[in-house]
Every structure is written in structure tokens, then in C-alpha cells.
Amino acid sequence: QNFMVDTTYDAVGRGDTITYPQGASGRRFTVQRNYNAQGFMASVTNAATSGVVWEANTVDEFGHTASESFGNGVVPPGEYRCSQRLVFFILFKFRD
């Protein structure tokens, strides 16, 4: 089975929209990437409703996302350690 994902790009070549395959609703889902004045991705929104899907809450002096949250309020436990130039994440599972 094949699934189609469509991507558009803005005038400077950054990812603009991503349209995912249709789900159980029978409709495809499109997200819009939004960038701040420095050109870093600041948020991802539902293209149809403008609802926030993902948002960078804080960014360090190098433009790395230091904290983030999802539209449902979940804040993933992870951190960027600038001194080691590594990203550390703790995996977590949602309860049913």
C-alpha cells in the first residue's frame, strides 16, 4: 500500500506545508510551519484551523529549541546541552 505525503517550500527553500495521507476520517491532514524573524521554526499549526500542533517555547542563543510543547499541552521531557552539542530525550508513554 502506498501513502502520499506532499510538501511545499517557501521562497527561501524552507519547508512550508506538509500534507499527510488520509486517515480514518477520509481526509488528509495539512500542517503549516511558521518561522520567527531569525528564520527558525517557531511553531507548526493545523493549516485548516490554525490550531497549534507544536510550539518552541524557548530558544537558546544558538537558535536551538530549549523547551517545546504540543497543542494538547504535553511538554516533552528533553533538553539540549549546548556544551556537549547533543540532544538528550527521555522517552515517555501516554496512558490509555
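Look up: the structure comes first, before these words.
Residues numbered from 1 in each chain as written. Predicted model: local features only at pLDDT ≥ 70, side-chain atom pairs only at ≥ 80, totals over all residues. Heavy atoms only, no water.

**A look at the overall build of the chain**
Argument step 1. If you tally the helices and strands in the chain, you get zero helices and eight strands.
Argument step 2. Along the chain, from the amino end to the carboxyl end, the secondary structure elements read β-β-β-β-β-β-β-β.
Argument step 3. Across the 96 residues in the chain, those meeting the buried criterion constitute 17%.
Argument step 4. Sequence separation of at least 24 residues holds for 3% of the intrachain contacts in the chain that already meet a minimum separation of 6.
Argument step 5. Accessible surface, the chain: about 7400 Å² in total, of which carbon and sulfur atoms supply 53%. (Helix = DSSP H or I, 4+ residues; strand = E, 2+ residues; numbered from the N terminus. Buried < 20%, exposed > 50% of the residue type's maximum accessible area, 1.4 Å probe, protein only. Contact = heavy atoms within 4.5 Å. Areas by Shrake-Rupley, 256 points an atom, 1.4 Å probe, with all protein chains shown as cover.)

**Digging into a nonpolar patch on the surface**
Argument step 1. Together, V5, Y20 and F29 make up an exposed nonpolar region whose accessible area comes to about 250 Å².
Argument step 2. Relative to the assigned elements, Y20 resides in strand β2 (residues 15–20).
Argument step 3. Looking at Y20, the relative accessible area reads 35%, which means it is partly exposed. (Patch = residues over 30% accessible without salt bridge, like charges linked within 9 Å, V, L, I, M, F, W, Y side chains within 5 Å. Salt bridge = Lys/Arg side-chain N within 4 Å of Asp/Glu carboxyl O.)

**Re the pairing of strand β1 (residues 6–9)**
Every regular strand shows the same layout, with side chains that alternate between the two sheet faces.
Argument step 1. Sheet analysis places β1 next to β2, joined by four bridges and oriented antiparallel. Across the sheet, residue Y9 finds its bridge partner in β2, namely G15.
Argument step 2. Counting the residues between successive antiparallel strands, the hairpin from β1 to β2 contains five residues, one of them, G13, with a positive phi of roughly 90°. (Pairing = 2+ DSSP bridges.)

**So, the side chain of E68**
Argument step 1. Along the chain, the position of E68 falls in strand β6 (residues 65–70).
Argument step 2. It is R33 that comes nearest to the buried, bridge-free E68 among opposite-charge side chains, at 12 Å.
Argument step 3. A distance of 2.5 Å separates a polar atom in the side chain of E68 from a polar atom in the side chain of W54. (Lys, Arg positive; Asp, Glu negative; His and termini not counted. Polar contact = N/O pair within 3.5 Å; in protein donor to acceptor, adjacent residues only side chain to side chain.)

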